[in-house]
Amino acid sequence: MKNTLLILLSTLTLTAYGQDKYDYLSFNNLIEIEGTSFVIGTIENRSKMDGLKNSYLLFIDTKTGQTNQVDFPNEGYLEKIEQVKIDDLEINKIIVSAKTVDLDGKKGIDWNDPRQIIVLSTDGKERVQLTDSKLYVRTWVVNKKTGTIVIAGHYDTNNNGKYDKTDKNEIGIYDLKSLKLINKI
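Now for a quick tour of the structure. (Residues numbered from 1 in each chain as written. Predicted model: local features only at pLDDT ≥ 70, side-chain atom pairs only at ≥ 80, totals over all residues. Heavy atoms only, no water.)

**Description of the pairing of strand β11 (residues 168-175)**
Where strand β10 (residues 148-155) and β11 come together, eight bridges link them in antiparallel fashion. In the sheet register, Ile149 faces β11, and the bridge partner there is Tyr174. Bridge count for β11 against strand β12 (residues 180-184) is four bridges, and the pairing is antiparallel. Bridge pairing in β12 links Asp175 to Lys180. What sits between β11 and β12 in their antiparallel hairpin is a turn of four residues, with Leu179 showing a positive phi close to 60 degrees. (Pairing = 2+ DSSP bridges. Helix = DSSP H or I, 4+ residues; strand = E, 2+ residues; numbered from the N terminus.)

**Concerning the layout of surface pockets**
One number sums up the size of the largest pocket: a volume of about 270 Å³. Leu103, Asp104, Lys106, Asn112, Asp113, Lys134, Tyr136, Tyr155, Asp156, Asn159, Asn160 and Gly161 together form the lining of the largest pocket. Across the lining of the largest pocket, the residue classes break down as three nonpolar, four polar and five charged. (1 Å grid on protein atoms, 1.4 Å probe; cavity = no way out; pocket = protein on both sides within 12 Å on 5 of 7 lines; lining within 4 Å. Points joined across faces, edges and corners; volume = space filled by probe spheres on them. Nonpolar A, V, L, I, M, F, W, Y, C, P; charged D, E, K, R; others polar.)

**Brief notes about the nonpolar core**
Judged by nonpolar contacts, the single largest core of 17 residues is most densely connected at Ile95, Ile117, Leu130, Trp140, Ile149, Ile151 and Leu176. When contributions to this core are tallied by element, the ones reaching two or more residues are β5 (77-86), β6 (91-99), β7 (116-121), β9 (135-143) and β10. Listed in part, the 12 residues of the second largest apolar core include Ile33, Ile40, Phe72 and Ala98. (Core = buried A, V, L, I, M, F, W, Y, C linked by side-chain atoms within 4.5 Å. Buried < 20%, exposed > 50% of the residue type's maximum accessible area, 1.4 Å probe, protein only.)

Any link to function would need more than the numbers given here.
Here is the structure:
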């Protein structure tokens, strides 16, 4: 009986440990950050057993080779990464739209969870989430004349996971230099 238990536990341990060899990193995209020596790499860590383990952005200084990693929650979706560079207003930021919150608490982050807007510095060392975690961001646009970002979305007020007429719509205007809310409409 002891031998059987020992063999069973050893097999289980080796099988679990052996699965790590099937993990792999995927460099999906490289994005040059205009006006800097940095490049952003979008990276996903995947496993055959678990699927997407985590994703992150890697800011690479192409002069020194130093890197800065910006992590996102496991199972989070990075949807869009955009540089906003407005020389006249001295603004140079990276805007990321991503799903990073499991709002319904069911089986991780999925397509039914809200999208957030996150602003990063060009070296990846500063990170500010502009929108509330419960706001379902539908669209956003940058006004390059004023240096603001306008974000439209809604709150699921009845928590049914669907957009309907009882939900509260909102438009927020944020200053990209100070990263502060100017007004909500």
